[in-house]
Each structure stands twice: as structure tokens, then as C-alpha cells.
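A look at the structure
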Amino acid sequence: RSPCRRCSTAPLAQIDALLAPRSMAIVGVSKRMNPGRIILENVLVDGFPAEDLIVLKPGTDELLGCRCVPGLDDLPEPTVIHADQLALPAIAFTQ
């Protein structure tokens, strides 16, 4: 029996989705340099495919090769969401 009951029931698929997401959305990216733009550029430099990155930016179709959508309701599938306003950028994920 595990000493931590909650630890033993954590779904591994959700942890995998957070650590190795298939797609990712970034909130707070500007066309000028800002923390969201830095996150986007770093993720791209680290090799995350631009076609699997979505930028939440109303009024823009594409930024640095990534598709832009106006809001959360426009995301095509469950997506890891990063926001530049938080010290730890990953704030939400689903299966």
C-alpha cells in the first residue's frame, strides 16, 4: 500500500501530456519582444514543431510560422496552455 494514496492514483497519461504535449498554445505573445514572445521563440528553438503550436492572438493569422486563434474556444483539441503572466507557464492541460 502506498503511503500517499493520492500519489498512487495520479493518471500517467495526464503527466505525459504535460511533460511531452502533442500540441501547445501560448497566451500573451506580442509581435514585439515580451515574455510571451520569448517563450514562443524558446519553444521553437528547442524543436517543438511550429505546426503544433498555436498562439492565442485575436486579429492575427500567423506569428513566427505558428497559427493564431482569437481565443480558447477556438483551440482545435486539448492543448497545454502557457501564459506569460505566470512564473510557471504551464497552467492547464487535458487528455
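The following refers to the structure shown. Worth saying up front: this structure is predicted, and the values here are computed from it rather than measured.

**Re the overall build of the chain**
Check the secondary structure of the chain and you find 3 helices and 6 strands. Secondary structure elements of the chain occur, N-terminal to C-terminal, as α-α-β-α-β-β-β-β-β. Within the chain, the fraction of its 95 residues that count as buried is 36%. Counting contacts in the chain only where the partners sit at least 6 residues apart, residues at least 24 apart contribute 48% of the total. For the chain, the computed accessible surface area is about 6300 Å², with 56% contributed by carbon and sulfur atoms.

**Some remarks on the nonpolar core**
L40, L53 and V55 are the most contacted members of the largest nonpolar core, which totals 13 residues. Mapped by element, the contributors of at least two residues to this core are β1 (24–27), α3 (35–45), β2 (53–56) and β4 (66–69). Sort the elements by how many residues they give to this core and α3 lands first, with 3 residues. If sequence neighbours within four positions are ignored, L40 has contacts with I26, V29, L53, V55, L63, L64 and C66.

Analysis parameters
- Residues numbered from 1 in each chain as written.
- Predicted model: local features only at pLDDT ≥ 70, side-chain atom pairs only at ≥ 80, totals over all residues.
- Heavy atoms only, no water.
- Helix = DSSP H or I, 4+ residues; strand = E, 2+ residues; numbered from the N terminus.
- Buried < 20%, exposed > 50% of the residue type's maximum accessible area, 1.4 Å probe, protein only.
- Contact = heavy atoms within 4.5 Å.
- Areas by Shrake-Rupley, 256 points an atom, 1.4 Å probe, with all protein chains shown as cover.
- Core = buried A, V, L, I, M, F, W, Y, C linked by side-chain atoms within 4.5 Å.

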